[in-house]
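This is what each chain is made of:
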Amino acid sequence: MKNGKTSIIIPAYNAQSYIERAIESALRQTYDDIEIIIINDGSTDKTGEIIEEYSQKHTNIKVISTDNGGVSRARNIGIDNSSGEYIVFLDADDELLPYSVENMVECLIEADADIVNPAKLLKTNSRIYQMSGESYLINCINDHPIGYSIRKLYKRSFIEDIRFTEGKAIHEDSFFNFLCALKKPRVLHLNEDAYKVYPTPNSASRSAFSEKYFDILYFAKRKIEIINQYYPQYNDKMINLQIKANLALLYKMCSGRAKGYTKIERELIKYVIKNKEYFVPVIEFDKKWFSVVKGRRYFIYKFLYKLKNKKMI
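Residues numbered from 1 in each chain as written. Predicted model: local features only at pLDDT ≥ 70, side-chain atom pairs only at ≥ 80, totals over all residues. Heavy atoms only, no water.

Visitor: Even after reading the chapter, I still don't get the sheet that holds strand β7 (residues 128–131), so can you show me in this structure?
Guide: Strand-to-strand pairing in sheets goes through backbone hydrogen bonds, with the strands running parallel or antiparallel. Taken in spatial order, the eight strands make up an open sheet running β3-β2-β1-β4-β8-β6-β9-β7, and their pairing is mixed. In this open sheet, the two strands that pair with only one neighbour each are β3 (61–66) and β7. Neighbouring strand axes in the sheet, compared pairwise and without regard to direction, differ in orientation by 20 degrees on average. As paired elements, strand β1 (residues 6–12) and strand β4 (residues 86–89) share four bridges and run parallel to each other. Of the residues in β4, the one forming a bridge with T6 is Y86. Across the sheet, helix α4 (residues 100–111) lies against β1, β2 (34–41), β4, β6 (115–118), β7, β8 (153–155) and β9 (187–190), angled at about 140 degrees from β9, the strand it touches most. (Pairing = 2+ DSSP bridges. Helix = DSSP H or I, 4+ residues; strand = E, 2+ residues; numbered from the N terminus. Axes fitted to C-alpha atoms, helices over the stretch in contact; angles between N-to-C directions. Contact = heavy atoms within 4.5 Å.)

Visitor: Quick question: what am I supposed to make of the side chain of N117 here?
Guide: Looking at the element boundaries, N117 is found in strand β6. Here H189 takes part through its side chain, which lies 3.1 Å from a polar atom of the side chain of N117. Excluding residues that lie within four positions of it along the chain, N117 makes contacts with I146, K152, L188, H189 and L190. (Polar contact = N/O pair within 3.5 Å; in protein donor to acceptor, adjacent residues only side chain to side chain.)

Visitor: What exactly am I supposed to notice about unusual backbone geometry here?
Guide: Most peptide bonds take the trans form, and the phi angle of most residues other than glycine is negative. A positive phi angle, close to 50 degrees, is found at D112, a residue other than glycine. For D112, the location among the structural elements is in the loop between α4 and β6. Here R296, not a glycine, exhibits a phi torsion of approximately 60 degrees, which is positive. Secondary-structure assignment places R296 in the loop between α11 (284–294) and α12 (298–312).

Visitor: Would you mind showing me how to read the environment of F290 here?
Guide: In this structure, F290 sits in helix α11. A residue is classified by how much of its surface remains accessible, and F290, at 8% relative accessible area, is buried. Residues F290 and E166, spaced 124 residues apart in sequence, show a C-alpha to C-alpha distance of 31 Å. (Buried < 20%, exposed > 50% of the residue type's maximum accessible area, 1.4 Å probe, protein only.)

Visitor: Is there a simple way to think about a positive patch on the surface in this case?
Guide: On the surface, K276, K294, R296 and R297 cluster together to form a positively charged patch. Summarising the element assignment, R297 is placed in the loop between α11 and α12. (Patch = residues over 30% accessible without salt bridge, like charges linked within 9 Å, V, L, I, M, F, W, Y side chains within 5 Å. Areas by Shrake-Rupley, 256 points an atom, 1.4 Å probe, with all protein chains shown as cover. Salt bridge = Lys/Arg side-chain N within 4 Å of Asp/Glu carboxyl O. Lys, Arg positive; Asp, Glu negative; His and termini not counted. Charge placed at Lys NZ, Arg CZ, Asp CG, Glu CD.)

Visitor: Quick question: what am I supposed to make of the side chain of E95 here?
Guide: Its place among the elements puts E95 in strand β5 (residues 94–96). One polar contact links E95 to Y198, side chain to side chain, over a distance of 2.6 Å. Sequence-distant contacts of E95, defined by excluding residues within four places in its chain, comprise R21, S25, R28, L90, A194, Y195, K196 and Y198.

Visitor: Which parts of the structure should I look at to understand helix α7 (residues 172–182)?
Guide: Given 3.6 residues per helical turn, the α-helix brings residues three or four places apart onto the same face. The buried fraction of α7 is high, at ten of eleven residues. Positioned one or two residues after α7, K184 has a phi angle of 50 degrees, which is positive.

Visitor: Where do I start with the pattern of salt bridges in this structure?
Guide: Working definition: two side chains of opposite charge can pair if their charged atoms are close together. Inspection of every chain in the model, using the stated rule, returns 18 salt bridges. Between D67 and R73 there is a salt bridge whose closest N-O contact spans 3.2 Å. For R73, a relative accessible area of 24% puts it in the partly exposed group. Overlapping salt bridges, with partners in common, bring together D112, D114, K155 and R186 in one network.

Honestly, it's all geometry; don't read function into it.
In structure tokens, the structure reads:
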């Protein structure tokens, strides 16, 4: 099929253990007009050698090597050096299912959409569900999972003026989607999986706590500032957004066994409890974790989590 080139952008940093899997999944796509752009983000292992070998064998693979600047900068470099009509982001530790790009492009063209979101996240029996730009924006503000990930297909013309926030690596993807949502895109939800995700020890969900996780609060503040300036009609949703950010950081501080942040943890908890009536849960985990924090059981939970993991070591 010839419906316009798709650029698959893969940032890679010290990914020698799994980068081949990601590249192979991009090469296996049934869509026949693809370029694969791999950004070697200052890797110090054999990542560079592996991707250079692939680029020599496949003319549709372009390798760009840079000093280590982080995943957001790497993705921006990928966008700037891509030529596709459509953009797909692929993390080095994930893979695309064979028909993913073909299905997403077909659906985007048929619906004249700006973004295709492939994931089994919505409670619908339909394979395809269209969401208005207004609804997508509200869902992103309410911290719905549909706005978390950049595992989507984007029309290049739509994101031409949108970039990732460089120097940030936690919730940078949800903020990118938030910036997209501000433009109220035509969003098509494809109720099927397009990616296979493999959590690795270095992934954000599994890595130990560090101060980089305060990016969660940084992006919440940015969102609130933007909403206050351009969409004041949604100001009533801002407290919920801050609560969600506090809860997300508290969970990471708990599961990552952060030490020396007790004062900050207490301030985050105090805000959640003080504003509990503004909390809007979206998924079941939201309710459970909110209940722990609201019920002042956070430090007990943290102690038990540490105790459990000590026994497992």
